[in-house]
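Here is what each chain is made of, one letter per residue.
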Amino acid sequence: MRIDRERLRVMIEELGEIGADPEGGISRIAYTPVWEDGILYVEKRMEEAGMQTRRDAIGNLFGIYPGRTDRILLTGSHIDTVPHGGMFDGALGVLAAVEAVHTLRESDIQPEHTILTAVWAEEEGNRVFTGIGSGAFCGQIPEMSELNLEKLHQAGHSMQNVRDSVFDGLDRIDASLELHIEQGAVLEKAGVQIGIVEGIFGLHRYETTVFGTADHAGTTPMDMRDDAMVKAARLICELEELTKKTDPQMVCTTGWLRAEPGMNNIIAEKVTMMVECRGMNEEALRVVRSYIASRYGEGGTHIEDTLILPPVPMSQACREAVRDAASELGFTSMPVFSGAGHDSECLAHAIPDTGMIFVRSRGGKSHCPQEWTDWEDCAAGADVLLHALMKLDIQARGQADKT
Ligand SMILES: [Zn+2]
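As the structure is a prediction and not an experimental result, all values here were calculated from the model. (Residues numbered from 1 in each chain as written. Predicted model: local features only at pLDDT ≥ 70, side-chain atom pairs only at ≥ 80, totals over all residues.)

Another point: the overall build of the protein chain. The helix and strand tally for the protein chain stands at 12 helices and 15 strands. The C-alpha radius of gyration of the protein chain comes to 24 Å, within 12% of the 22 Å expected for a compact globule of 403 residues. When its C-alpha atoms are laid out on the principal axes, the protein chain stretches across 85 × 45 × 45 Å. Across the 403 residues of the protein chain, 46% fall into the buried class. If you take every contact in the protein chain between residues at least 6 apart in sequence, the share linking residues at least 24 apart comes to 79%. (Helix = DSSP H or I, 4+ residues; strand = E, 2+ residues; numbered from the N terminus. Rg over C-alpha atoms; globule rule 2.2 N^0.38 Å. Buried ≥ 20, exposed ≤ 12 C-beta atoms within 10 Å, placed from the backbone. Contact = placed C-beta atoms within 7 Å.)

Written out as structure tokens, the structure is:
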């Protein structure tokens, strides 16, 4: 059993026209009329595939393909984009799921599990904040700042909508599987088609301040300076080495800094910078934090946590289902990590068996008009999604029988 590659390609291209920007790329921001057009497009395709559809209060769209029991397998992704984003980020996971269900129906296969295909609202976080749709579904009611509440209202929603969207059948979901483009170049570099996602990186973001002493840039000899800018630069370079040495998978970025007083002729007294580390190993992330905190001794640096998200491992059952499906279908596969956040990160907190499949992104590019995944890889990902779901269907049924 294989999905219809041509039908999948046409859907991706047609959805890609909705919100296509004359300046390049696709701008289909959540909760805008053009996003609603995209939702309607997917809803029609779901109906053609044999699904019943429904929306929830926060705007998530669901396609329901009834199984023999009320146990659920969840799949899907998102169709909102960043401004001038690409055609595959999110859309592939949604349309591949629709195509997988269409293939099941054409093959007269009724699974044990009801297959619930979701289009999550606001994954990209351009309107309110990231993951509000999938978060609400699994009961993660966020603490809203004034600003975010206002953004939520501007998007036509309220906290009541968030609360009303908590899914009342979470305990009936046996597994969740999302197909997504890699958004990096690891698979392409390895020449491998399918990525078995081992986990989604945790993220630690620190506002780091390095202190020095302001002085005259002309009259202070080099060996009499306490230059915050030089200390910050040294620290940034040291963090690069420390990161590589501590955990080869971990990444560390200083993407922003500000020097004060910030004048050409004054040695910097203070540098504030944002340091962000991502990885699967929390201990390794903490090594970086304590290095920053202690590098210039007591009072030499100040570190403040601004965002701490724990790493999210993907379930073994899902990883095995993806690995076995890929190998049976004759595709090459390898374990990978996700450095980017996804809806599956929210879902994993409520659904223990959560997994992801990655396919190659050309040049590793995403969130830009150049984002591209070969049609062959899109189809391979959709086939693996279909067959992995069928494996989970049988496996989870076996487990239910035992209990
Ligand atoms: Zn995405």
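Structure shown, so let's carry the discussion forward.
The subject of this paragraph is the nonpolar core. Ranked by internal contacts, the top residues of the largest apolar core, which has 90 residues, are Ile12, Leu95, Ala100, Ile357, Ala382, Leu385 and Leu389. Broken down by element, this core gets its largest block of residues, 11 residues, from helix α12 (residues 375-402). The contacts of Leu389, once residues within four sequence positions are left out, are Leu73, Thr75, Ala100, Ile115 and Leu177. The next biggest cluster of nonpolar side chains, apart from the first, holds 17 residues, and it includes Leu239, Val271, Cys277 and Ile292. (Core = buried A, V, L, I, M, F, W, Y, C linked by C-beta atoms within 7 Å.)

Okay, the domain arrangement of the protein chain next. Partitioning the protein chain into domains gives domain 1 (5-200 + 312-402) and domain 2 (202-309). Taken over C-alpha atoms, the centre of domain 1 sits 37 Å from the centre of domain 2. (Domains from an automatic or database assignment.)

A sheet is described by the order of its strands in space; here 4 strands give the open sequence β9-β11-β7-β12, paired in antiparallel fashion. Each edge of the open sheet is held by one strand with a lone partner, namely β9 (251-260) and β12 (301-309). The mean inter-strand angle of the sheet, taken between neighbouring strand axes irrespective of direction, is 15 degrees. Here β9 runs beside strand β11 (residues 270-279); their pairing, made up of 9 bridges, is antiparallel. Looking at the pairing, Cys252 lines up with Cys277 of β11. The sheet strands contacting helix α8 (residues 228-246) are β7 (202-211), β9 and β11, and the helix crosses β9 at an angle near 175 degrees. Its contacts with the sheet place helix α9 (residues 282-294) against β7, β9, β11 and β12, and it is angled at close to 5 degrees to β7. (Pairing = 2+ DSSP bridges. Axes fitted to C-alpha atoms, helices over the stretch in contact; angles between N-to-C directions.)

Tracing the chain through its elements places Thr75 in strand β3 (residues 72-78). According to the C-beta neighbour criterion, Thr75 is buried, with 26 such atoms within 10 Å. Put simply, Thr75 and Ile267 are 192 residues apart on the chain and 55 Å apart in space, counted from C-alpha to C-alpha. Sequence-distant contacts of Thr75, that is, excluding residues within four places in its chain, are made with Ala97, Ile115, Thr117, Ser176, Leu177, Glu178, Leu385 and Leu389.

Bringing the packing of helix α1 (residues 5-17) against helix α3 (residues 91-106) into the picture now. It is the contact of α1 with α3, at a shortest axis distance of 10 Å, that shows an interaxial angle of 140 degrees. Judged by the inter-axis angle, α1 sits oblique to α3. The interaxial crossing formed by α1 with α3 has right-handed handedness. For the pair formed by α1 and α3, the contact residues are Arg7, Leu8, Met11, Ile12 and Leu15 on the first element and Ala91, Leu92, Leu95, Ala96 and Glu99 on the second. For the contact of α1 with α3, the per-class residue count stands at 8 nonpolar, no polar and 2 charged. (Parallel < 35°, antiparallel > 145°, perpendicular 65-115°, else oblique. Left-handed = near helix turned anticlockwise from the far one by under 90°. Nonpolar A, V, L, I, M, F, W, Y, C, P; charged D, E, K, R; others polar.)

Under the 1.5 Å per step criterion, the end-to-end length of helix α10 (residues 316-329) is 20 Å for 14 residues, consistent within 8% with the ideal 20 Å. Among all positions of α10, only Cys318, Arg319, Ala321, Val322, Ala325 and Ala326 are buried. Down the axis of α10, the buried set is contained in an arc of 165 degrees. They therefore lie on one face. In α10, the exposed residues that point more than 90 degrees away from the buried face are Gln316 and Glu328. Backbone geometry just after α10 places Gly330 at a positive phi near 85 degrees. (Expected span 1.5 Å × (residues − 1). Arc of directions from axis to C-beta.)

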